[in-house]
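Geometric and topological summary
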Amino acid sequence: MDRPGAVAALRAAVTDFVRVHPVGGDPWCVALSGGPDSLALAAVAAPLFPTTALIVDHGLQPESPAVAAAAREQALALGCFAAEVLCVEVGSVGGPEAAARAARYRALDEARRGAPVLLAHTLDDQAETVLLGLGRGSGARSIAGMRPYAPPWCRPLLGVRRAVTHQACAELGLTPWHDPQNTDPRFTRVRLRAEVLPLLEDVLGGGVAEALSRTAAALREDTDALDDTAAQVLPAGGELDVATLVPLPDAVRRRVIRAWLLAGGACALTDRQIRAVDALVTDWRGQGGVAVPGGLARERLFAGRRRGVLTLYREPVGA
């Protein structure tokens, strides 16, 4: 029999997600940190499909091996048929939060063996993500937040408040791990969680997290429609014809440019970089190429305009 309250709410969220999205979850994986969100998700996921818990040990804290081992034991006790600890090395590109996230996703993708991966992001995480995008001026794509379903990543709890996962752990008698970094004010997301969102809730009379989540969903629908239009324009080759780009609406043209840059090896693009490349089309004055991040340590990737087309080229660092 289902337990009342929070556990039942989480189980309903996961089953509704599976009904709407073609996850093909037989079997599936769940990313487990040992914290309340992922622990509660593992508890409701394990009875639904054969579930493997993937536990990433970032090695950033002295107690991380013990935390990972405890999470593995909890996963097996909850009914997961397998639980794997993935040890990763965290780099420094983009700062500690971004570097840890990149290492985590790489490890999960390598270990999932073709199965979908459930991630325990909640509505609160979505609200924080939207605020980060707003504050950084990262463009509509960032403000649109996290996708509920972006294969292989599945986020069935994006409509659930964080308090529900905590309550579910209490109902199940589980003892989650509380990451000390989640209360460390050196991290921007922590200050959003502890200071900014509570202030907005007070000033605006509540419901701010839900409102931010709704905004993200609406903007994501608009962004998807524009992306579909841009995809119809994107050429199969390695160059972009300027004459084709000029008459396009600004939002479509920049999406074409973004997709072209990514297909050519660019990564981690910012709105400012995309607009700088766009200026090669809309504000052409004979300027040189625009440097964009290309993921290689010894070479820099550039987008330039030559003879009426945009081209990508690389130059050695220091050249």
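- An unreviewed UniProt entry lists the protein chain under the name tRNA(Ile)-lysidine synthase, with Mycolicibacterium aurum as the source organism.
- For the record of the protein chain, the UniProt heading Sequence similarities (unreviewed entry) holds the text "Belongs to the tRNA(Ile)-lysidine synthase family."
- Quoted verbatim from the Catalytic activity (unreviewed entry) field of UniProt, the annotation for the protein chain is "cytidine(34) in tRNA(Ile2) + L-lysine + ATP = lysidine(34) in tRNA(Ile2) + AMP + diphosphate + H(+)".

1. Points about the sheet that holds strand E5 (residues 149-150)
- Spatially, the six strands line up as an open sheet ordered E3-E2-E1-E4-E6-E5, and their pairing is mixed. What marks the edges here is a single partner per strand, and that holds for strand E3 (82-87) and E5.
- When strand E1 (residues 28-31) meets strand E2 (residues 51-57), the two strands line up parallel, connected through four bridges. Looking across to E2, one finds that Trp-28 is bridged to Thr-51.
- Against the sheet, helix H3 (residues 64-77) engages E2 and E3, with an angle of about 170 degrees to E2.

2. Some words on the sheet that holds strand E10 (residues 309-316)
- Spatially, four strands are ordered E7-E10-E9-E8 in an open sheet, and the strand pairing comes out antiparallel. With partners counted over all chains shown, the strands left at the sheet margins are strand E7 (240-241) and strand E8 (290-292), one partner each.
- The pairing of E8 with strand E9 (residues 299-306) spans three bridges and is classified as antiparallel. Residue pairing for E9: Val-290 is matched across the bridge by Ala-303.
- Across the sheet, helix H11 (residues 250-263) touches E7, E9 and E10, and the angle it forms with E10 is around 35 degrees.
- Strand contacts of helix H12 (residues 271-282): E8, E9 and E10, with the helix running at about 150 degrees to E8, the strand carrying the most contacts.

Conventions and cut-offs
Residues numbered from 1 in each chain as written. Predicted model: local features only at pLDDT ≥ 70, side-chain atom pairs only at ≥ 80, totals over all residues. Heavy atoms only, no water. UniProt positions renumbered as here; feature names shortened; annotations may be inferred. Pairing = 2+ DSSP bridges. Helix = DSSP H or I, 4+ residues; strand = E, 2+ residues; numbered from the N terminus. Contact = heavy atoms within 4.5 Å. Axes fitted to C-alpha atoms, helices over the stretch in contact; angles between N-to-C directions.

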